[in-house]
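If you want the building blocks of each chain, they are given just below.
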Amino acid sequence: MTLNWKLVVDTGDAPVLADFWAAALGYEVENPTALIEQLLAAGHVGEEAVTEHRGHKIFRGYAAIRHPEDPFDETSGIGRGRRLLFQDVPEGKVGKNRLHIDIHGEPGGLDELVARLEELGATRVGEVNQGPAGHWWVMRDPEGNEFCAA
């Protein structure tokens, strides 16, 4: 049996980090506006649970992105496939990630990929060149989460 899943990333500013990762991966930021309006109208959530980001209503402290080709619920905007959910937490990042994302560009396009990611706000940490076994950059997203660009 296959299971649905999402990767959850703790953050200090969920909508901003979701924007970065959506641009980095070519994903779409989920738009839960219709769901939020239904929940507000029914009294299931209060205005204090909601904020706006880039013209869309979102749940305060949360934002998600999804692969553009994956199915999603048109009422809620929530993806039913490859998703990343960003949630605000009170504590900052302390140590090295135990799980990270590898972004693979076009063959021979590592320099272009790294430059594009830097333009989006990522920073280089270190280059790893294992010859025929692989060549990649360890990078950090705008909140310091490590990932690799290969």
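I will try to describe carefully the structure that is included in this document. Given the structure is predicted, the values throughout are model-derived calculations rather than measurements. (Residues numbered from 1 in each chain as written. Predicted model: local features only at pLDDT ≥ 70, side-chain atom pairs only at ≥ 80, totals over all residues. Heavy atoms only, no water.)

**Notes on the layout of surface pockets**
So the rule is basically this: For each structure, a 1 Å grid was placed over the protein atoms alone; sets of points admitting a 1.4 Å probe that cannot get out are labelled cavities, open sets with protein on both sides within 12 Å along at least five of seven lines are labelled pockets, and lining residues have an atom within 4 Å of a point. Grid points are joined across faces, edges and corners, and a volume is the space filled by probe spheres set on the points. The helix and strand labels rest on DSSP assignments: H or I over at least four residues marks a helix, E over at least two residues marks a strand, and numbering proceeds from the N terminus. Polarity classes work like this: nonpolar for Ala, Val, Leu, Ile, Met, Phe, Trp, Tyr, Cys and Pro, charged for Asp, Glu, Lys and Arg, and polar for all others, with Gly in that last group.
When its volume is computed, the largest pocket comes out at roughly 500 Å³. In this structure, the largest pocket is lined by 26 residues; those nearest its centre are V8, V9, D10, N97 and N145. Of all the elements in the fold, those that place two or more residues in the lining of the largest pocket are β1 (7-11), β6 (83-88) and β10 (146-149). The leading source of residues in the lining of the largest pocket is β1, at 5 residues. Taken together, the residues of the lining of the largest pocket sort by class into 11 nonpolar, 7 polar and 8 charged.

**Things to note about the sheet that holds β1**
To be explicit about the condition: Should DSSP find at least two bridges between two strands, the strands are regarded as paired.
Across the sheet, 4 strands lie side by side as β1-β6-β5-β2; this open sheet has mixed pairing. Each edge of the sheet is formed by a strand with only one pairing partner; in this case those strands are β1 and β2 (28-29). Bridge count for strand β5 (residues 62-66) against β6 is 5 bridges, and the pairing is antiparallel. Across the sheet, residue R66 finds its bridge partner in β6, namely R83.

**With respect to the sheet that holds strand β9 (residues 135-140)**
To keep things clear, this is the line we draw: We call two residues contacting when some pair of their heavy atoms lies within 4.5 Å. Here an angle of 0 to 180 degrees is reported between the N-to-C directions of two axes, which are lines fitted to C-alpha atoms, with helices fitted over the stretch in contact.
The 4 strands are arranged β7-β10-β9-β8 in an open sheet whose pairing can be described as mixed. Strands with a single pairing partner mark the edges of an open sheet, and in this sheet they are β7 (102-103) and β8 (123-129). Inspection of the sheet shows β8 paired to β9 by 6 bridges, in the antiparallel sense. Across the sheet, residue E127 finds its bridge partner in β9, namely W137. Against the sheet, helix α3 (residues 110-120) makes contact with β7, β8, β9 and β10, and its axis sits at roughly 5° relative to β9, the strand it touches most.

**Re α3**
What counts is decided by this rule: Only protein chains enter the accessibility calculation, which uses a 1.4 Å probe. A residue is then buried if its area is under 20% of the maximum for its type, exposed if over 50%, and partly exposed in between. Each C-beta atom gives one direction from the helix axis, and the arc is the one those directions make.
Residues L110, L113, V114 and L117 constitute the buried set of α3. One face of α3 carries all of its buried residues, which in axial projection span an arc of 95°. Of the residues in α3, the exposed ones pointing more than 90 degrees away from the buried face are D111, E112 and E119. Contact partners of the buried residues in α3: α1 (14-25), β7, β8, β9 and β10.

Read these as geometric descriptors, not functional statements.
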